[in-house]
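Chains, contacts and geometry: an overview
So you can see what is in the structure, the chains are spelled out below.
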Amino acid sequence: MNNLKIAELLFPNIELSIDEIFKKYPKRELGNNCQVTRYAPSPTGLMHIGNFFQAFISYNLAKNTNGIFYVRFEDTDSKREIKEAKDVIFQILKEFEIWPDEYQDLDGVDHGEYGPYVQSQRVEIYKAFAKKLVAEGKAFPCFCKKTEGKEDVLRLRESKFEQDDEKEYDPCRDLSYEEVKRHLENKEPFAIRLKTRNDGSQRIKFYDLIKGEIDVKANSKDFILLKNDGIPPYAFAHAIDDTLMGTTIVVRGEEYISSTQMHIELFEDLNFKPIHYCHNPLIWKIDENGNKRKISKRKDPEADMRFYINNGYPKEAVLEYLLNLINSGFETWRKNNPNLSWRDFKFGINDITTIAPVFDIVKLNDISKNIISKLSGEELYFKWLGWAKSFDKSLEEILLKDQKKFIKLCQMDRENSSKPRKDIYNLSMMKDYFDYIFNAPILFEIDDIDKDQANEFLYEYSKQYKCFNSNEEWFNNVKEIAGKMGYAVDNKLYKENPNSFKGNIAKVCEFIRIAITGRKNSPTLFNIMDILGIDEVKKRLNHKF
Ligand code: GLU
């Protein structure tokens, strides 16, 4: 009876009953195996690849079972909130085409029947449940001045892996009705804490969908359900939201394992059906010194999902790379199904690897090169142009001015080739990669080249250079000139008798390549020279080494 009265005293304006709340959130009518998953970011910064990984797994678990994937913003920590964070998260989900079925848009409009999908707009609901727990004697008001501080300590603990198993009862757990009343009359702010049933001697088991059975000490702390500003920390808010919104699988980072025992006690006290947790390993990387460490927002640009957009990685490359990390069978599946979309690769919860993934940009770049090599020249050109429009305005202008030339450039060694070049892995690298198209080279890879010989050949060659219609015609002309100047046209002859020639055809092609591009390696020379046009080619051939 006293508890009921205390609850009324604390929450006189909360009239919303638990029954009414449950009526607003009816059980979802979905088939038996349909999963309801969510991405529940705190809008406190950039979108970390680890968070995206969880969102991507959640999206697939829902889509592969005809379920629902929704986004819920966990914005109960207003001090840490960053204004643009929600916008960035939506941009990334849109860009990667893993759009949620339910969410609240940036204008505050809910899309879906289980909203509001933003925690700061659900405070009345949390208070109603807190009131219920107080009325049942499972929670109590705490007037300690340090409440805010304690909450911070608790957050720190939640983020640690090891468990701190001391019992931690709060001094306010047994306040009488009269004492509570007196505190309230003094206008003292209060937090609400769970009155734990445990004393540190109990253990509990729970089943993690990735890690299997986990056996830990049961919670024995009077942890906070509502802070003294009336806002719940993560534990209380997620228990209520995931239950009301009908989540069937919570995919979250493994840093939450160490606080799961708190969440389990909460679910029990709230009479909620237990939820399935799937704790995801963190993403690691091997750093420059060969050490394995967590991929970090501070040190690794690739930890921020905007890195992939800003650098023009094809979205499929990033998603396919992540699928590789989720399930190693993806690689074989891709080999056997080169033309299917990644969406056709169906995986369930049991297919997710238990091994902590190690991020490897070289592997991502390889996947990306492969995907880009399948584009037609025109497709690549328009992707490049689209990227330049957002990230490099002056390049956009150049690409637009000479569209034909740049389409030709993108077609180079790609179309009509049985082995298209696999050398481009993102759009931001293309300008540097093809810098010799934009500007005549300044630096030349000429270290081990006989400069006099090169100058002599290039002088003759430039005098006779004209436009050609095909690589074959172009090559025949090179051979003809080189042959007259004492180079071996036939490689076999050259090998038999190297001393009777100035060199072979490969050597003169190298002279031309270096003069035109500055480099010893490039795509087909005929194409490059065709793109540059006769005047520019002659100018470059006239360069003296
Ligand atoms: N808001 C929590 C976070 O960003 C979400 C954890 C969860 O997915 O339950 O870490």
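Use the structure listed above.
Heads up: these notes are all about the structure in this document.

So, how was this worked out
Starting from 1, residues in each chain are numbered consecutively following that chain's sequence as written. Where local features are concerned, this predicted model is filtered to residues with pLDDT of at least 70; where side-chain atom pairs are given and counted, the filter is 80 or more; whole-chain, interface and lining totals use all residues. Computation of side-chain values: all heavy atoms of the structure, hydrogens and water removed. In this description a helix means any DSSP run of H or I spanning at least four residues, a strand means any run of E spanning at least two, and both kinds are numbered starting from the N terminus. Radius of gyration here is computed from C-alpha atoms only, and the compact-globule reference equals 2.2 Å multiplied by the residue count raised to the power 0.38. Relative accessible area decides the class of each residue, using a 1.4 Å probe on protein chains only: under 20% of the type maximum gives buried, over 50% gives exposed, and in between gives partly exposed. Surface exposure here means Shrake-Rupley accessible area, sampled with a 1.4 Å probe, where a residue is shielded only by the protein chains that are shown. As used throughout, the charge tally considers Lys and Arg to be positive and Asp and Glu to be negative, leaving His and the chain termini uncounted. Where a charge lies is defined by one atom per residue type, namely NZ (Lys), CZ (Arg), CG (Asp) and CD (Glu). Two residues form a contact once any of their heavy atoms are found within 4.5 Å. Pairing between two strands requires that DSSP report at least two bridges joining them. With its strands directed away from the observer, a crossover is right-handed exactly when the path from the first strand over the helix to the second travels clockwise. An axis is simply a line fitted to the C-alpha atoms; with a helix, the fit covers only the stretch in contact. Between two such axes, the angle follows the N-to-C directions and lies from 0 to 180 degrees. Centres within 6.5 Å make a pair out of two Phe, Tyr or Trp rings, where for Trp the six-membered ring is used; the pair is then stacked when the planes are under 30 degrees apart, edge-to-face when over 60, and tilted otherwise. Put simply, a charge is over a ring when the Lys NZ or the Arg CZ is close to the ring centre, within 6 Å, and near the line of the ring normal, within 35 degrees.

Let's talk about the overall build of the protein
Looking only at helices and strands, the protein features 24 helices and 14 strands. For 545 residues, the compact-globule estimate of 2.2 N^0.38 gives 24 Å, and the protein exceeds it by more than 25% at 33 Å. Principal-axis analysis of the C-alpha atoms gives the protein an extent of 110 × 45 × 45 Å. The buried share of the protein, taken over its 545 residues, is 52%. Accessible area for the protein stands at about 27000 Å²; split by element, carbon and sulfur atoms hold 48% of it. A gap of 2 Å separates the mean positions of the 84 positive and 88 negative side-chain charges of the protein.

Let's talk about the environment of His183
Along the polypeptide, His183 turns up in helix α7 (residues 177-185). Residues His183 and Glu379, 196 residues apart in the sequence, show an inter-C-alpha distance of 70 Å. Not counting residues up to four positions away in its chain, the partners in contact with His183 are Phe143, Leu175 and Glu188.

Things to note about the sheet that holds strand β14 (residues 358-359)
Reading across from one edge, β13-β12-β14 is the order of the three strands in this open sheet, with mixed pairing throughout. If you trace the sheet from one side to the other, it starts and ends with β13 (292-294) and β14, each paired once. Alignment of strand β12 (residues 284-286) against β13, held across three bridges, turns out to be antiparallel. Note on β13: the bridge partner recorded for Lys285 is Arg293.

Points about the pairing of strand β11 (residues 276-280)
The buried count for β11 comes to four of five residues, which makes it a mostly enclosed element. For strand β10 (residues 249-253) and β11, the ladder comprises five bridges, and the chain directions are parallel. Paired with Arg252 across the strands is His279, a residue of β11. The parallel pair β10 and β11, bridged by helix α9 (residues 260-269), forms a crossover whose chirality is right-handed.

Here's the deal with helix α23 (residues 525-532)
Most of α23 is tucked away: six of the eight residues are buried. If you check which residues of α23 are buried, you get Leu525, Phe526, Ile528, Met529, Ile531 and Leu532. Structurally, α23 contributes buried residues whose contacts are with α16 (403-411), α18 (435-438), α19 (451-464), α20 (471-484), α22 (505-517) and α24 (534-541). Just downstream of α23, Gly533 is the residue with a positive phi angle, here 90 degrees.

A look at the environment of Lys23
Here Lys23 is to be found in helix α2 (residues 18-24). On the basis of relative accessibility, which here comes to 68%, the residue Lys23 falls in the exposed class. When the C-alpha positions of Lys23 and Asn336 are compared, they lie 49 Å apart, and in sequence the two are 313 residues distant.

Looking at the sheet that holds strand β6 (residues 191-194)
Within a sheet, neighbouring strands are paired by backbone hydrogen bonds and run either parallel or antiparallel to one another. Taken in spatial order, the three strands line up as β5-β6-β9 in an open sheet, and their pairing is antiparallel. A strand with exactly one partner marks an edge of an open sheet, and here the two such strands are β5 (139-142) and β9 (224-226). Within the sheet, the average angular offset between the axes of one strand and its neighbour, ignoring direction, is 40 degrees. Bridge count between β5 and β6: four bridges; the pairing is antiparallel. Paired with Cys142 across the strands is Ala191, a residue of β6.

Re the packing of aromatic side chains
Applying the stated criterion across every chain, the model contains 41 aromatic pairs. Geometrically, the ring pair formed by Phe406 and Phe438 is stacked, given 5.4 Å between the ring centres and 25 degrees between the ring planes. Here Phe406, found in helix α16, pairs with Phe438, found in helix α18; they are 32 residues apart in sequence, far enough to count as distant. The ring of Tyr114 has Arg28 sitting right over it, with the charged end atom 3.9 Å from the ring centre. Here the basic side chain of Lys86 rests over the ring of Phe73, its NZ or CZ set 5.4 Å away from the ring centre.

A short note on unusual backbone geometry
The step from Gly115 to Pro116 runs through a cis peptide bond, and the omega angle for that step is -5 degrees. Tracing the backbone shows Pro116 in the loop between β4 (110-111) and α5 (123-135). The backbone of Asn66 sits at a positive phi, close to 55 degrees, despite the residue not being glycine. If you trace the backbone, Asn66 turns up in the loop between α3 (49-63) and β2 (68-71). Residue Asn66 is classed as exposed on the basis of its relative accessible area of 65%.

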